[in-house]
Each structure stands twice: as C-alpha cells, then as structure tokens.
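Observations on chain architecture
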Amino acid sequence: MNLGAAATQLRAALVTPVPNFFVRSHAPVPVIAADAYRLHVDGLVDQPCTLTLEELQQGFPVHTVTATLQCAGLRRRELTALEPIDAAEIVWDTDAISTARWTGVRLSDILRRAGVQPAAAHVGFLGLDQVAKTQDGLGGSIPLAKALEDDVLLAYGMNDAPLLPIHGSPLRALVPGYIGARSVKWVGRITLQVAPSTNHFQARAYKLFPSSVRAETVNWDEGEMLGVLPINSFITSPQAGVLPTNETRRGAVFVQGIALAGGDAVIERVELSNDSGQSWTAATLTSSPQQWMWCFWEATCSLSPGSHELVVRAFDTAGHTQPMHLADVWNFKGYVNNAYHRVRISV
Ligand code: MTE
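About the criteria used
Residues numbered from 1 in each chain as written. Predicted model: local features only at pLDDT ≥ 70, side-chain atom pairs only at ≥ 80, totals over all residues. Heavy atoms only, no water. Salt bridge = Lys/Arg side-chain N within 4 Å of Asp/Glu carboxyl O. Helix = DSSP H or I, 4+ residues; strand = E, 2+ residues; numbered from the N terminus. Buried < 20%, exposed > 50% of the residue type's maximum accessible area, 1.4 Å probe, protein only. Core = buried A, V, L, I, M, F, W, Y, C linked by side-chain atoms within 4.5 Å. Contact = heavy atoms within 4.5 Å. 1 Å grid on protein atoms, 1.4 Å probe; cavity = no way out; pocket = protein on both sides within 12 Å on 5 of 7 lines; lining within 4 Å. Points joined across faces, edges and corners; volume = space filled by probe spheres on them. Nonpolar A, V, L, I, M, F, W, Y, C, P; charged D, E, K, R; others polar.

By the definition in use, this model includes 14 salt bridges. A salt bridge links Arg189 to Asp42; its shortest N-O distance comes to 2.5 Å. Note that Arg189 is positioned in strand β12 (residues 187–193) and Asp42 in strand β3 (residues 38–43), a separation of 147 residues in sequence. When its relative accessible area of 33% is taken as the criterion, Arg189 is described as partly exposed.

The buried count for helix α4 (residues 107–114) comes to 6 of 8 residues, which makes it a mostly enclosed element. Turning to α4, its buried residues are Leu107, Ser108, Asp109, Ile110, Leu111 and Ala114. Of the residues trailing α4, Gly115 is marked for its positive phi of about 80°.

Another aspect to go through is the nonpolar core. Within soluble globular proteins, side chains that are nonpolar tend to cluster in buried spots. Counting 68 residues, the largest nonpolar core has Trp102, Leu107, Val123, Phe125, Leu154 and Ile190 as the members making the most contacts within it. The element best represented in this core is strand β9 (residues 153–158), accounting for 5 residues. Apart from residues no more than four positions distant in its own chain, Phe125 is found in contact with Leu107, Leu138, Gly139, Gly140, Ile142, Ala173, Val175, Arg182, Val184, Val187, Arg189 and Ile190. In terms of nonpolar packing, the next biggest core, distinct from the first, is built from 22 residues, Val253, Trp297, Cys301 and Leu303 among them.

Take empty space enclosed by the protein next. Evaluation of the coordinates by the stated rule reveals 3 cavities of 30 Å³ or more. Quantified by volume, the largest cavity comes out at close to 230 Å³. Along its surface, the largest cavity is lined by 19 residues, and Arg24, Arg172, Gly180, Ser183 and Lys185 are the ones closest to its centre. Residues that form the lining of the largest cavity fall into these classes: 10 nonpolar, 5 polar and 4 charged. There is about 70 Å³ of room inside the second largest cavity.

In the segment running from Ser169 into Pro170, the intervening peptide bond is cis, with an omega of 10°. Positionally, Pro170 belongs in the loop between β10 (161–162) and β11 (172–174). With an omega of 5°, the peptide bond between Ser237 and Pro238 qualifies as cis. On the secondary structure map, Pro238 appears in the loop between β15 (232–237) and β16 (241–242). Even without being glycine, Asn159 reaches a positive phi, approximately 50°. Locating Asn159 in the fold gives a position in the loop between β9 and β10. Overall, Asn159 belongs to the buried group, its relative accessible area being 17%. Not every positive phi belongs to a glycine, and Tyr206 is a case in point at roughly 55°. If you trace the backbone, Tyr206 turns up in the loop between α6 (200–203) and β13 (207–208).

Interpretation note: all reported values are geometric properties and have no functional meaning in isolation.
As structure tokens, this is what we get:
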C-alpha cells in the first residue's frame, strides 16, 4: 500500500493527521497480535534478549519526538522528466513526506540494557513483513552513534494514539533525519553488528549512484548507502499552470511551501525567486524551525501578467543549500531529489 496526500493538504498542519500521513510499504501489512509480538535483540551484545510489547512499554521511560518522515523517493516525478527512472520505482511527487508526534522507548535504552560490545558499529533492524522479491522482511541499519542518540525511537504511538498497522504496529523504528527506509516498520529483530546490514534494502536498494550509471551498467556493490537526508524545500501552492483569478489580486501571488533541513541541522532561511532564479527574496517562516521537523514558509510575489517560473531554495544551520538543477542530482533510481523546486505559472 502506497499513499500520499495532496501537497496543499500536507501544508495544512505542522503535525500531519494520521489519515493524511503518507504510506510506503514494500509488502503487505503483516498481521501481528500485540500479545504475541516479540522483539529480539541479538548480535554483539552481552545479553541477547527477547522483549514483549508490555515489557517495552512498562520497563523503559516513555519518550516522545515530533519528527518528519521522508521517503528517499520524494520528488522523483521531476527527475523522470529528464530521463526515465527505473520502472519499478514509485513516481512520488512532493507527497512522500509527513510529520508526526512519535511515542515509544529510546533505542539507546534497549541497547544499554542488552550491553553493546566494543566491536559493534552498526545497528540492524529487520521487519516482520515478507517482501516477495527478497523472501525476507525489509531491513536496514544505522551507525551505532546514531542509534545512541536520544531521539531515535522504537515507537508504538503516533499522534497520541496507538500506532496503526499500516505505519508499523506493534513497533517501528523511528530514525529522525534519515531516509524513511531506515525507520523499519513491524521491527522484530535488532542486531548489533560490525558492518552495515546485508538486507536487500540496505545493500542494494536505497543506494545512490552517479548520474552516469544506468540499470544496465550498475555494479550493486558500489554506490552510496543512503542514510542522512539532504536539505530540501518545495512549493505546495500555487500548482503549475494558469492561476485562477481568485489566486491573483492585482498581480500579487501568494506562495506557500515546506522546507526540511539536512540531517540534524535546522532550517535557517528560505528564499523564493519569481524570475527563474535571477533574483531572490526571503520567504517568511510561519513555523519556528526545529530539529527533525519540517518548517512552513510563505511569500507574496508581485507578478505582471504572463508566464513566470517560481523557484525555492532553503539554507540550514549546517551551511547546506540545495543543488540548482535536476541534472545535478539525477540518478537512475530517482533518490533524494533536492534540486531547487520550480513551478511555472501563468498570471
Ligand atoms: N519497514 C518495513 N518493514 N517495510 C517497509 O516496506 N518501508 C520503509 C519504511 N519502513 C517499509 C518499512 C519506507 S521506504 C518508508 S519511506 C517508511 O517506512 C514509510 O513509513 P510510513 O508508511 O509509516 O509513512
């Protein structure tokens, strides 16, 4: 099941109502009774353990994090306009992104209880779903240093309600600042290991290749395993096309959008251009920028009748901004498009 709400709907609330939250699943939702659920923690730990949901909920401090989840395929459609992308990939627009208040236990609390051995460098997750192509669950890993951060969760709640099956209940990983694929849903096993996960979705899928590589020439042992998300911003309204007269008052066009900082940084500013990037003005941030969380912005442009290209770019506290052109980021799998977002409108 793969679903995404319209960009204007996403832009309507800083915390996305669950019915509007995007869904990305590589396999059918597994049916897991809460009382039959077990989390296994093994690998390079002093005390491998098996925990019930009740033990997780009662035996560890509860922690809540408001974080944006973004799929690596966000904005893939724009890349397909340049050159076709692997046909197996979902052609996401700006809809594979949403924000929730996640409640659960800190992954670090579980890892400390199990006792991490010095040789461990990566924390692998394995989902209880069954992906037809791999005959295995979706898995992946994050570096141990990331796993020990306070805001990396094993979540059982979303927006102050129990997590829904489509979003990973009874338990999912929540790795703020990383591509959505590392926030493994229906997580059944956590393994401490020396190297990154060998699961298909870490070792093969969700890898970034240079623009010169094609499906026919790819060497899957190469490529960069995606992890930390890059900075991104996009316009949610107006949409491309001729603006209805009620959206322009004496040539003033109201523009709204979303920005997300890279990794653990925070958005510093967002700039909008109404002349294809020749000149820029600061947009107003309408939500206060916070770590792990998208921020909303708006601007009013004065536009003469005719055709114009609106362009947005963001800057974060780590000094990152976005690449200018789609060609700068094109890759045959269509991952992590964070080029300047452009919308052509006619006034
Ligand atoms: N976990 C499992 N077990 N199986 C999946 O298919 N999809 C991943 C991730 N975790 C997936 C998973 C991807 S690609 C994304 S973007 C997020 O879950 C989406 O989470 P959501 O469906 O709650 O929005």
